[in-house]
Amino acid sequence: MALTFFYSRTSFTKYFLFMLLCILFFPGISGSATYYVSSSSGKDSNSGISLQAPFKTLNRISALDLKPGDKVLLKKGDTWQESLTLPGTGNKNALLVFSSYGNGEMPVINGATLLKDWTKSVPGTYFTGYIGMCNGLLENGIPLKRASSKSLTDGQWFHNGVYIHYRPTKDLDVAYRVERCARGSLFTLENKEYVLIDGITFYGANKYGIRLTDCSNITIANCKIVCNGGEGIGLHRQKGELVCKNILIRNNILDWNANGIYIEGKKGGFKSTGYIKSMIINNSITHTNFRNVWEHSTKDGHAIGIQNSSFCRFEGNTITDNYSGIALWTAESFISQGNIFTRNFVARNQLYGIVNGADGRDNSFHNTFSFNIITENGWQTGNWGGLRINKPQTKGNYYYNNTLYNNDINIYLYSSPDFHVIKNNISLHPRKYHVWLDKSAGTHNIIDNNCYFSDENNLFLFRSSKDISFATWVSLSRSDQSSIFSDPLLKSSRPVDKKDFRLAEKSPCTSRAAKDHFDLQKNFFGSESKEMGACGIQ
């Protein structure tokens, strides 16, 4: 049977389940091989094809000519301080599988090197010799911020090309374990297709946990990607003539990476189309460049960053305590269209929650942002936005049924926004404004049938008119003619947990969802939606 991707939520789910069934319950195709690798009990002189005679190193795997249907299984509980460029590919009839066997914790591919032999320099500060590139220093599995000189404060480090200088964090309850991020990319796929990566931990790379270049039909599932100094998972392009598609990234945990999941064009900038018809679903992404700790290695720190990509789905992800949340960005000569961002929980990110931005006009359109909970973002000094929207897009983008709470600006339209449709949203207790419509905005934005509520009524900004009331906003902007300023009656008046955002039965937001454009779908909790906001009735 051919394994084929289709662009629909149902088809992707069926594909993923079918793939797992094949792995768990069916033998490989005729002629396929299963290779076992154990760093604790293996030998590279073994056959590698039985549990009793596993290989020892990933380097031994790199010498193989892997075929469609082959499996490479790492022993749970083992660790490899190596990296691997996958030497083979699958095809539409048989996956190439990279997974695990045995019992215990996930196998770990560790890109970090433990540092010892510290010498005390000044009180509280130590140094050790290292000549080479050092992109990160980890203290008990947490990245430290790099200083600009060897004059350090607590929890900082500095590398001058010859010595690493380090000042420990004070008052730690456990012993210090200090590691240097050492290997560039832990797991690399170049021009591969039909590969499954399942249930592996990727830790401590100088750059990438998992790096895909010009790949299609790849699944990354149930992995932990932690403390990598570039992208946790990076989807890159080199050959612009290729169409790269059908990447499924599902049920992974990403923590403390410089960037979380990043889909971008050709290395060095916006020079090619990104990826199409791909899905990023049910991942947990936390502490991405948290408090700008990876500032020296990234300008973005996106939990999820998407460039020049189309017809992708981003659903059910939990994105908390990162430098920035979800960013869709489109270069002037390229297009992003038909992407869906739905049922994501985006909370407490330092900059914005979700941004739809572009360098040009009419190049990012028919993108839908719906049923997301966007809360407590934008706590760094500046103006950021729970929803951050820019540029004129005459074919339209749609922002429906989101619940926005306590962001610096719940809905921020800046830098010539036009033709954006914003309906059925609930905006609660912003720290600055419910809506900021910049003076550069066009006249074709549709903002209506929303619910606003806050202790103060003057939290709207229209062009040059600041701190205006809801009534004045409606009069000046001619927006929100069918909207209300009323307590939506959430389960909690100060929501924290996802379930706190549900509506009470007597909420004024029930049965008010506009149906003139948007084909209503399941809300944040999976129920059919008839209400404003993301979550439906409790």
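Predicted, not measured: the structure shown is a model, and the values here were computed from it.

### Brief notes about the packing of aromatic side chains
So, point 1. If you walk through the whole model with that rule in mind, you get 22 aromatic pairs.
So, point 2. Both rings, one in Phe187 and one in Phe202, keep their centres 5.9 Å apart while their planes meet at 55°; by these two values the pair is tilted. Linking Phe187 in strand E16 (residues 185-190) with Phe202 in strand E18 (residues 201-203), this pair joins segments that are 15 residues apart in sequence. Side by side, Phe187 and Phe202 carry an identical accessibility label, which is buried.
So, point 3. Ring centres 5.7 Å apart and planes at 45° place the aromatic pair Phe460 and Phe470 in the tilted group. Within this pair, whereas Phe460 is found in strand E46 (residues 460-462), its partner Phe470 is found in helix H3 (residues 470-477), the two being separated by ten residues in sequence.
So, point 4. Put simply, the rings of Tyr452, Phe453, Phe460, Phe462, Phe470, Trp473 and Phe485 touch in pairs and so form one group of aromatic residues.
So, point 5. The ring centre of Tyr130 lies 3.7 Å from the NZ or CZ of Arg180, which sits over that ring.

### Things to note about the side chain of Glu139
So, point 1. On the secondary structure map, Glu139 appears in strand E10 (residues 137-139).
So, point 2. The buried charged residue Glu139 lacks any salt bridge partner; its closest oppositely charged side chain belongs to Arg167, at an N-O distance of 9.9 Å.
So, point 3. Of note is the side chain of Glu139, whose polar atom sits 2.7 Å from the side chain of Thr169.

### Topic: the nonpolar core
So, point 1. Grouped together as the largest cluster of nonpolar side chains are 73 residues, with contacts concentrated most on Ile197, Phe202, Leu212 and Trp473.
So, point 2. With 16 residues, the next largest nonpolar core counts Leu428, Ile484, Leu490 and Phe524 among its residues.

The rules behind these values
Going along each chain's sequence as written, the residues are numbered from 1 onward. It should be noted that, the model being predicted, local features are given only for residues of pLDDT at least 70 and side-chain atom pairs only at 80 or more, the latter also being counted only at that level, while totals for whole chains, interfaces and linings use all residues. The basis for every side-chain value is the complete set of non-hydrogen atoms in the structure, without hydrogens or water. Paired rings are identified among Phe, Tyr and Trp, the last through its six-membered ring, by centres lying within 6.5 Å, and are further divided according to the angle between planes into stacked (under 30 degrees), edge-to-face (over 60) and tilted (the rest). Secondary structure is summarised from DSSP: a helix means a run of H or I of at least four residues, a strand means a run of E of at least two, and numbering begins at the N terminus for each. Residue exposure (1.4 Å probe, protein chains only): buried if accessible area is under 20% of the type maximum, exposed if over 50%, otherwise partly exposed. Only when the NZ atom of a Lys or the CZ atom of an Arg is both within 6 Å of the ring centre and within 35 degrees of the ring normal do we say a charge sits over the ring. When charges are counted, Lys and Arg contribute as positive and Asp and Glu as negative, whereas His and the chain ends are disregarded. The term salt bridge refers to a pairing of a side-chain nitrogen on Lys or Arg with a carboxyl oxygen on Asp or Glu at a separation within 4 Å. Counted as a polar contact is a pair of N or O atoms within 3.5 Å, where, for protein atoms, one must be capable of donating a hydrogen and the other of accepting one, and residues adjacent in sequence contribute only when both atoms are in side chains. Residues belong to a common nonpolar core when they are buried Ala, Val, Leu, Ile, Met, Phe, Trp, Tyr or Cys residues joined through side-chain atoms within 4.5 Å.

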